[in-house]
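Fold and contact review
These are the residues of each chain, in order.
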Amino acid sequence: MDYSKLLQNILDIAEEMLVAGAEVNRVEDSIERMLSAYGCPWDRVNAFITTTNIQTTFEDPEGNIITQIRRVKRSDTNFDRLDYLNDLSRYICAKTPELPEIRERYLEVMARPYNSGWIKYLSGVMVAGGFSIFFGGSIFDGLISAIVSLLIIFLLDYFKRYNINSMGIIFMTSIISGVASILLCSLGLANLDKVLIGEIMLMIPGIALTNAIRDMLLGDIATGLLRLANALLIAGAIALGFATPLAMMKGLDNLSLISIHVPFIMIPIREGILARIVQIITAFIGCIGFALLFNMKKKQVIYSGIGGALAWVIYLIMADILGGLFMPTLIASVFVGIYSESMAKINKAPASIFFISVAIALIPGASLYYAVDSLLERDLEAAAYNGNNALTIALAISMGIVLVTLVNKFKLEHKSGKK
């Protein structure tokens, strides 16, 4: 066995897992398990990974020390690919195939198609339109947000063709979609704030912010800090992108170019049981939208919608009982963690793909938006209040997921210890 070539193939798999959205712990564990399956001493296999770097050193059965480093420059969340790469790593551990077979199976996974273009646009409509209404918008707000989401999806795909860095892509997309939103809202049909919140949910780094805190709580300080810096930079690019047209076209969002009577059914429902039912339904729609956007397997998509709706139900119940933000979010996040682990076992898939698409209903998208908006208005008190809410929610989500992760890890180690 050429162990240098073996490591090269394993790092190909690891790199694509990381690019597709796998958590660092999973990738490190996969590398160590695959090398150990080929006779490499477990305690002599060391993998160190950040979001942009993979370093692996191990000792082969003959005592040779082999080291390889891989620079990761891409990011393309793809749950279908991650699922199949995870299956491939399990197959390698169980069957220890020869190098040509590993390569053949790897290329088969990489050749799997993305969702059709129309599904990607549909997912954008579901996310932006659904969460615009979820955060208190009217049907018209959701409709305008959904329309602009088509432009956002197009722009994100278009700019990626030119190898522009992610900050530049987000910045340019935010500017153009911000202008489109202002012009559409100037018709007097929609509330610009609610429209923008729905659109921003397509780009806002709420998941990245939450994962950054989760990584640091799990001890991956370097990775957590890198994720945090990236999340803050993306948030800054979004804020600057939307702020530019708002500053240039100040006042246009309050100008009604056409006087249109808004029917009663189009007025947002902000209070009472009906408002909660609307939130639960739109959480279901929005979570399904994210699952489709991230190319999740079709049979798994419905689980994301159900999980997101149930997580929001639990949050609402806990908010009524306990009040505040932290404890209701923490308890709902514990449910998300348990639900994700359960779905992972049922579907034989990584738990992270369910966590990301289910937890999106809890992500502090509105708080992040209003924090930035308050900064633009130079209202530092409101900015601090909303920013604190966003960090509180992100911390609660992270702690809930970490708690479930640690409990599961303890159960696995206890079970293996008994054996």
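Up top you'll find the structure we're talking about.
Description of the structure in this document.

Quick notes on the rules
- Residues numbered from 1 in each chain as written.
- Predicted model: local features only at pLDDT ≥ 70, side-chain atom pairs only at ≥ 80, totals over all residues.
- Heavy atoms only, no water.
- Buried < 20%, exposed > 50% of the residue type's maximum accessible area, 1.4 Å probe, protein only.
- Helix = DSSP H or I, 4+ residues; strand = E, 2+ residues; numbered from the N terminus.
- Pairing = 2+ DSSP bridges.
- Contact = heavy atoms within 4.5 Å.

1. Comments concerning the pairing of strand β2 (residues 53-59)
Burial analysis of β2 places five of its seven residues in the buried class, the great majority of the element. Two strands pair when backbone bridges link them, and strand β1 (residues 45-49) and β2 are joined in this way by five bridges, in the antiparallel orientation. When the sheet's bridge partners are listed, Asn46 is paired in β2 with Thr57. Taking the residues between adjacent antiparallel strands as the criterion, β1 and β2 are bridged by three residues. Relative to strand β3 (residues 65-71), β2 is paired through seven bridges, and the arrangement is antiparallel. Bridge pairing links Ile54 to Arg70 in β3. Where β2 hands over to β3, the hairpin turn is made up of five residues, of which Gly63 adopts a positive phi near 90°.

2. Considerations on the side chain of Asp12
Structurally, Asp12 can be placed in helix α1 (residues 3-20). With relative accessibility at 14%, the residue Asp12 sits in the buried group. Non-local contacts of Asp12, meaning those with residues more than four positions away in its chain, are made with Arg70, Arg103 and Tyr106.

3. Comments concerning unusual backbone geometry
Phi at Asn295 is positive, roughly 65°, even though this residue is not glycine. Along the chain, the position of Asn295 falls in the loop between α11 (272-293) and α12 (298-322). Phi angles above zero are rare outside glycine, and Lys348 is one such case at about 50°. As for its placement among the helices and strands, Lys348 is situated in the loop between α13 (326-347) and α14 (351-359). Note on Lys348: relative accessible area 63%, which makes it exposed.

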